[in-house]
Amino acid sequence: MATRILPAVGDPDAVRSLTSLLGQLPDAEPVPPVTDSTQLVDTLARLAAESVDELPEVVVVHERIGPVPALELIREVALRFPAVGVILVTSDPGPGLFQAAMDYGARGLVALPLGYEELASRVQAVAQWSVGVRRHLGSAVDVFTGTGGTVVTVSGAKGGVGATLTAIQLALAAQASGRSTALLDMDLQTGDVASYLDVQFRRSVADLAAITDLSPRVLADAVFRHDSGLALLLAPGDGERGEEVTDRAARQIVGALRSRYDVVVIDCGAQLGGAGAAAVETADTALLVTTPDVVAVRGAKRAVRMWDRLQIRKAEETTVVVNRHTRGTEIQPPLIRRITGTAIAATTVPANFKELQGAVDAGRVHELDAKSTVKQALWALAGELGLAGVPESGRKGHGRLRGDRGATGFRRRKEGAG
């Protein structure tokens with residue numbers, strides 16, 4: 001039986017070298033190479049949609065593949081296509097990288113410059129593993145299909161600025177627009193999504209933290225299906241369990257949700273630990289919610305600078321959302337933009353807590369009156385971010401939706417993100 005091998009290599013010279021050697025391997029059937037991470041995942045998803053049997057037995061990933069870094073790409077392939085064996089080709093085959101590659105889901109490591117004997121040995125071993133997995137699991141192999149959804153994180157400049165309400169309403173707007181939507185509570189010690197939505201739950205994100213093979217079935221068992229249609233993955237009821245969710249576990253969980261849903265909204269709270277930092281780093285859009293007062297804006301500036309120092313996210317890659325905005329306040333969005341160095345959402349959320357108090361106290365914010373100016377503004381924000389339809393009204397922050405959808409990768413941190 002021929003072994004199908006898919007090379008994922010961005011450099012043209014490396015492509016020629018690798019494909020030439022692969023073509024010499026016995027019983028090998030190299031398939032046309034892909035040149036970036038997006039093309040690789042899309043190709044595997046297309047083949048998996050036809051049949052798991054159509055997937056190649058071996059994927060060879062070059063260390064300089066992009067735009068998603070090699071380790072992150074390996075993790076995604078291992079998560080979504082568990083019967084595909086991945087080999088990393090690297091110029092640094094030391095024990096540290098070897099352990100990291102295994103942790104991320106690789107089945108083997110090959111050193112550069114490439115040698116025939118080492119490559120043949122690794123490909124043969126990984127191919128045998130892949131065939132064995134498929135034979136053992138048969139038709140029960142779970143794969144995450146689809147090209148991957150949009151991930152939006154919502155963080156607070158400080159506690160009490162409205163990050164959780166913002167995250168919930170963005171998710172509800174996306175769901176109402178016909179997009180499958182997951183809401184992940186990554187405020188691990190003090191998360192309140194369950195309280196805001198009147199949810200009693202048994203399983204939380206902490207229950208997924210120790211699972212290395214996060215299949216669609218395992219993920220589905222941990223997700224709570226809300227009456228609104230949202231898929232909820234909630235913070236643990238016992239705050240100390242939040243420490244179980246490491247940055248690596250967070251990456252895996254966010255990746256699994258991205259592969260399963262069109263939109264993933266993550267409430268990161270105001271205290272950023274390692275798991276929240278990983279979520280912000282991998283998000284397509286990172287929102288930072290502030291109110292137009294000195295203390296909150298200072299908190300926003302402090303958070304933006306910390307993210308930059310820790311290489312989590314640059315200021316220009318962050319969008320600040322101004323909540324409880326009034327025209328009479330001295331601190332207006334243009335000033336906040338100058339202070340923080342970030343982008344500012346065009347949609348501002350008005351200061352009208354009286355509209356919210358009944359729904360918040362009852363834990364039914366999903367039933368907030370459609371006439372609420374706060375809800376209209378947050379749903380308009382969803383439209384501005386591309387999570388839902390555009391506002392019917394041309395006024396910023398006051399339109400209603402018509403009702404209808406690159407992740408950054410692994411970076412070394414200079415210090416912890418606690």
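Residues numbered from 1 in each chain as written. Predicted model: local features only at pLDDT ≥ 70, side-chain atom pairs only at ≥ 80, totals over all residues. Heavy atoms only, no water.

As annotated in an unreviewed UniProt entry, the protein chain carries the name MinD/ParA family protein and is attributed to Streptomyces coelicoflavus.

**Q** Pulling in residues and values, what's your account of the sheet that holds strand 4 (residues 85-90)?
**A** The strand order across the open sheet formed by five strands is 2-1-3-4-5, and the pairing between neighbours is parallel. For this open sheet the edge positions go to strand 2 (28-30) and strand 5 (108-111), each flanked by a neighbour on one side alone. Averaged over all adjacent pairs, the angle separating strand axes in this sheet is 25°, with direction ignored. Bridge analysis of strand 3 (residues 58-62) against strand 4 gives five bridges, and the strand direction is parallel. Bridge pairing in strand 4 places Val60 opposite Ile87. The strands that helix 2 (residues 37-50) touches are strand 1 (3-8) and strand 3; relative to strand 1, the one it contacts most, it runs at about 150°. Strands strand 3 and strand 4 of the sheet are contacted by helix 3 (residues 70-80), whose axis makes an angle of about 175° with strand 4. (Pairing = 2+ DSSP bridges. Helix = DSSP H or I, 4+ residues; strand = E, 2+ residues; numbered from the N terminus. Axes fitted to C-alpha atoms, helices over the stretch in contact; angles between N-to-C directions. Contact = heavy atoms within 4.5 Å.)

**Q** Outline the pattern of salt bridges, supporting the account with residue identities and numerical values.
**A** Inspection of every chain in the model, using the stated rule, returns eleven salt bridges. The residue Arg16 makes a salt bridge to Asp13 at a minimum N-O spacing of 2.2 Å. Here Arg16 pairs with Asp13, and both are found in helix 1 (residues 12-24), just three residues apart, close to one helical turn. Each member of the pair, Arg16 as well as Asp13, is classed as exposed. In this structure, Arg251 and Glu281 form a salt bridge, with 2.3 Å as the shortest nitrogen-oxygen distance. With a gap of 30 residues between them, Arg251 in helix 9 (residues 247-260) and Glu281 in helix 10 (residues 274-282) connect regions that are remote in the sequence. The two residues Arg251 and Glu281 agree in class, both being buried. Each of Glu72, Arg75, Arg251 and Glu281 takes part in a single network of salt bridges with overlapping partners. (Salt bridge = Lys/Arg side-chain N within 4 Å of Asp/Glu carboxyl O. Buried < 20%, exposed > 50% of the residue type's maximum accessible area, 1.4 Å probe, protein only.)

**Q** Explain the sheet that holds strand 9 (residues 231-233) residue by residue, including any values.
**A** Read from one edge to the other, the open sheet built from eight strands follows the order 8-9-7-10-6-11-12-13, with strand pairing classed as mixed. Two strands bound the open sheet, and with one partner strand each, they are strand 8 (224-225) and strand 13 (343-344). The pairing of strand 7 (residues 181-185) with strand 10 (residues 263-269) spans five bridges and is classified as parallel. Bridge pairing links Leu183 to Val265 in strand 10. Running at roughly 165° to strand 7, helix 9 makes contact with strand 6 (150-156), strand 7, strand 9 and strand 10 of the sheet. Across the sheet, helix 12 (residues 333-340) lies against strand 11 (285-290), strand 12 (318-322) and strand 13, angled at about 145° from strand 12, the strand it touches most.

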